[in-house]
Amino acid sequence: MRLLSIILITPALLFCSCSEPNQAESNTPAESPDSWNVQDVTPVDAQKLLADNKEVRVLDVRTPAEYAEGHIAGAVNVDFKAADFADKVDKLDKNTAYIVHCRSGKRSSGSLAILKDKGFGSIYHLNKGFNAWKDSGMLTAP
């Protein structure tokens, strides 16, 4: 009898412990769909965004040395590897849309969580970074 009770109760306990908590039970606040927006863009898409909307800015998260070798015209350079990266991006206008990039996409991908945490609204992530921009024949600033 005792074994039968264990056999019947165990699946019920597993079912209850594996179910998803509902929103009311969750400690994580729900985000509104409009509060955070990241879109991956190609170099062609990014160039069109810049041409069509003068309010869009470029955030280059490469090192200053990489930036000095060439960058997208008008880009703001904030080094993702710098200890004060979060503090520096926190000073940027959070209501401005940014095209974020690094050399190949790894650092800029890493920067997205920080940008979200700092309250940025609209972010475009340049697929494959500055390498793709150059490989697409897009103009660069010295």
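The preceding data block contains the structure.
This report concerns the structure included in the present document. A quick note: this is a predicted structure, and the numbers were derived from the prediction, not measured.

Reading the values: rules and limits
Think of each chain on its own: its residues are numbered from 1, step by step along the sequence as written. Two thresholds apply to this predicted model, a pLDDT of at least 70 for residue-level local features and 80 or more for giving and counting side-chain atom pairs, whereas whole-chain, interface and lining totals are computed over all residues. Values reported for side chains reflect all heavy atoms of the structure, with hydrogen atoms and water molecules removed beforehand. Each Phe, Tyr or Trp ring, with Trp reduced to its six-membered ring, pairs with another whose centre is within 6.5 Å; inter-plane angles below 30 degrees give stacked pairs, above 60 give edge-to-face pairs, and intermediate values give tilted ones. Accessible area is worked out with a 1.4 Å probe on protein chains only. A residue is then buried under 20% of its type maximum, exposed over 50%, and partly exposed in between. Under the DSSP-based scheme used, a helix requires at least four consecutive residues in state H or I and a strand at least two consecutive residues in state E, with every element numbered from the N terminus. A positively charged side chain is recorded as over a ring if its NZ (Lys) or CZ (Arg) lies within 6 Å of the ring centre. The angle to the ring normal must also be within 35 degrees. Contacts: residue pairs with any heavy atoms within 4.5 Å of one another.

## What to know about the packing of aromatic side chains
For the structure shown, the criterion picks out two aromatic pairs. Considering the side-chain rings of Phe-80 and Phe-85, the 5.2 Å spacing of their centres and the 80° angle between planes classify their relative orientation as edge-to-face. Judged by relative accessible area, Phe-80 falls into the partly exposed class, the value being 23%. The buried category is assigned to Phe-85, whose relative accessible area is 3%. Consider the rings of Tyr-98 and Phe-120, whose centres lie 5.6 Å apart with planes at 75°: the pair is edge-to-face. Note that Tyr-98 is positioned in strand E4 (residues 98-101) and Phe-120 in the loop between helix H5 (106-117) and strand E5 (122-126), a separation of 22 residues in sequence. Pair check on accessibility: Tyr-98 and Phe-120 agree, each one buried. Looking at Arg-62, its charged tip hangs above the ring of Phe-130, at a distance of 4.2 Å from the centre.

## Notes on the side chain of Arg-107
Tracing the backbone through its elements, the reader meets Arg-107 in helix H5. For Arg-107, a relative accessible area of 13% puts it in the buried group. Every residue in contact with Arg-107, bar those within four places of it in the chain, is listed here: Val-61, Arg-62, Thr-63, Glu-66, Phe-80, Lys-81 and Cys-102.

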